[in-house]
Amino acid sequence: MVLISGTGSAMEALAVACTRRELAADVAAVIADRDCLGLKVAAKRGIPAFTIEPAHYPAREDWKEALIECVGGFRPQVVVLAGFMRVLAPPFVDAYAGRLINLHPSLLPAFPGAHAVRDALDAGVKVTGTTIHFVDHEVDHGPILLQEAVRVQAGDTVQSLHTRIKNVEHRLLPKACRLILEHKVKLHRGITHVEP
Ligand code: GRF
């Protein structure tokens, strides 16, 4: 199950990896909080795609409930936040503890937030990267599962740097899901230990 808000390129990379049987799973469904390109990408691949938009609900609580219900209906083994620009309700986070992961385009804890790539460039760092972490009750926070560095190059723009980061994300995301599905990740005192 993948939650998105944007182009859905990470979701598509995961779907491709599933099709190639690089992991023994399928993307059961894609949910977006808005109309976005990723929904079309999912539909093209024959993946059930839903829009659950806060504005369509009388209160934020109703939206959160609708989201929990829709995700729960698929009984997902893993839930991936792949560019999903919303904060989940605590009961959602608790229900999927240990199998709810987020993809973030920086080396957390550096540059959390919605503008991680721009913030890294503005700070003048020479190396940034991507993080896949378990979701906890703080934004862009939680035990780190996988991380990989990406070098900042002279003349990089937010777009060029983000493109290289996404290329790495597309490779790491199937691996992260596989580690969870194969029960190869152990959590101890907020730190993950991955079996070789
Ligand atoms: C990724 O870079 C991810 O790290 C961030 O949002 C981006 C999603 O891109 N949270 P896409 O929609 O998968 O192309």
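Before reading on, note that the structure itself is shown above.
Residues numbered from 1 in each chain as written. Predicted model: local features only at pLDDT ≥ 70, side-chain atom pairs only at ≥ 80, totals over all residues. Heavy atoms only, no water.

Novice: Just checking my understanding: could you explain unusual backbone geometry for this structure?
Specialist: A cis amide bond, omega 10°, links Leu-108 with the succeeding residue Pro-109. Within the element layout of this structure, Pro-109 appears in the loop between strand 5 (100-104) and helix 5 (116-123). The phi dihedral of Arg-189 falls on the positive side, at around 50°, and the residue is not glycine. With respect to the helices and strands, Arg-189 occurs in the loop between strand 8 (185-188) and strand 9 (191-194). (Helix = DSSP H or I, 4+ residues; strand = E, 2+ residues; numbered from the N terminus.)

Novice: What exactly am I supposed to notice about the nonpolar core here?
Specialist: Nonpolar side chains in soluble globular proteins generally cluster together in the buried interior. In terms of nonpolar packing, the biggest core is built from 41 residues, with Val-2, Val-80, Ile-101, Ile-132, Leu-145 and Leu-173 touching the most fellow members. Counting residues per element, the ones that place at least two in this core are strand 1 (2-4), helix 1 (9-19), strand 2 (30-32), helix 2 (37-44), strand 5, strand 6 (127-134), strand 7 (144-151) and helix 6 (158-181). For this core, the element with the most residues is helix 6, which contributes 10 residues. Counting residues in hydrophobic clusters, the runner-up holds 19 residues, among them Ile-52, Cys-70, Leu-81 and Leu-88. (Core = buried A, V, L, I, M, F, W, Y, C linked by side-chain atoms within 4.5 Å. Buried < 20%, exposed > 50% of the residue type's maximum accessible area, 1.4 Å probe, protein only.)

Novice: Sorry if this is basic, but what is going on with the layout of surface pockets here?
Specialist: Over the atoms rolls a probe the size of a water molecule, and its path tells where empty space is left. Considering only enclosed or pocket space, the largest pocket measures out at about 910 Å³ in volume. Looking at the lining of the largest pocket, the elements that each hand over two or more residues are helix 1, helix 4 (90-95), strand 5, helix 5 and helix 6. (1 Å grid on protein atoms, 1.4 Å probe; cavity = no way out; pocket = protein on both sides within 12 Å on 5 of 7 lines; lining within 4 Å. Points joined across faces, edges and corners; volume = space filled by probe spheres on them.)

Novice: How do you make sense of the pattern of salt bridges when you look at a structure like this?
Specialist: Between side chains of opposite charge, pairing is possible as soon as their charged atoms come close. Across all of its chains, the model carries 10 salt bridges by this definition. The partner of Asp-33 in a salt bridge is Arg-86, with the nearest N and O atoms 2.6 Å apart. Of this pair, Asp-33 sits in the loop between strand 2 and helix 2 while Arg-86 sits in the loop between strand 4 (79-81) and helix 4; the two residues are 53 residues apart in sequence, bridging distant segments of the chain. With a closest N to O distance of 3.8 Å, Arg-118 and Asp-119 form a salt bridge. Look at Arg-118 and you get partly exposed, because its relative accessible area is 40%. Taking relative accessible area as the criterion, Asp-119 reaches 25% and is therefore assigned partly exposed. Through salt bridges that share partners, Asp-33, Arg-34 and Arg-86 make up one connected network. (Salt bridge = Lys/Arg side-chain N within 4 Å of Asp/Glu carboxyl O.)

Novice: Is there a simple way to think about the packing of helix 1 against helix 6 in this case?
Specialist: In the contact formed by helix 1 and helix 6, the axes pass within 9 Å of each other and the chain directions differ by 50°. With respect to each other, helix 1 and helix 6 are oriented oblique. Viewed along their axes, helix 1 and helix 6 form a crossing whose handedness is right-handed. Counted together, Ser-9, Ala-10, Ala-13, Leu-14 and Ala-17 of helix 1 and Lys-166, His-170, Leu-173, Pro-174 and Cys-177 of helix 6 form the full contact between these two elements. For the contact of helix 1 with helix 6, the residue count by class is seven nonpolar, two polar and one charged. (Axes fitted to C-alpha atoms, helices over the stretch in contact; angles between N-to-C directions. Parallel < 35°, antiparallel > 145°, perpendicular 65-115°, else oblique. Left-handed = near helix turned anticlockwise from the far one by under 90°. Contact = heavy atoms within 4.5 Å. Nonpolar A, V, L, I, M, F, W, Y, C, P; charged D, E, K, R; others polar.)

Novice: Just to check I follow, could you spell out the environment of Gly-38 for this structure?
Specialist: Note that Gly-38 resides in helix 2. When its relative accessible area of 0% is taken as the criterion, Gly-38 is described as buried. The sequence separation of Gly-38 and Ser-5 amounts to 33 residues, and the corresponding C-alpha distance is 7.5 Å. Residues in contact with Gly-38, not counting those within four places in the same chain, are Ile-4, Gly-6, Thr-7, Gly-8 and Met-11.

Novice: Explain the sheet that holds strand 2 to me, please; I cannot follow it from the model alone.
Specialist: Taken in spatial order, the seven strands make up an open sheet running 3-2-1-4-5-6-7, and their pairing is mixed. With one partner strand each, in any of the chains shown, strand 3 (49-51) and strand 7 form the two edges of the open sheet. On average, each strand axis in the sheet is inclined to that of its neighbour by 20°, with strand direction left out of account. Pairing of strand 2 with strand 3, which is carried by three bridges, proceeds in the parallel orientation. Across the sheet, the residue bridging to Ala-32 is Thr-51, located in strand 3. (Pairing = 2+ DSSP bridges.)

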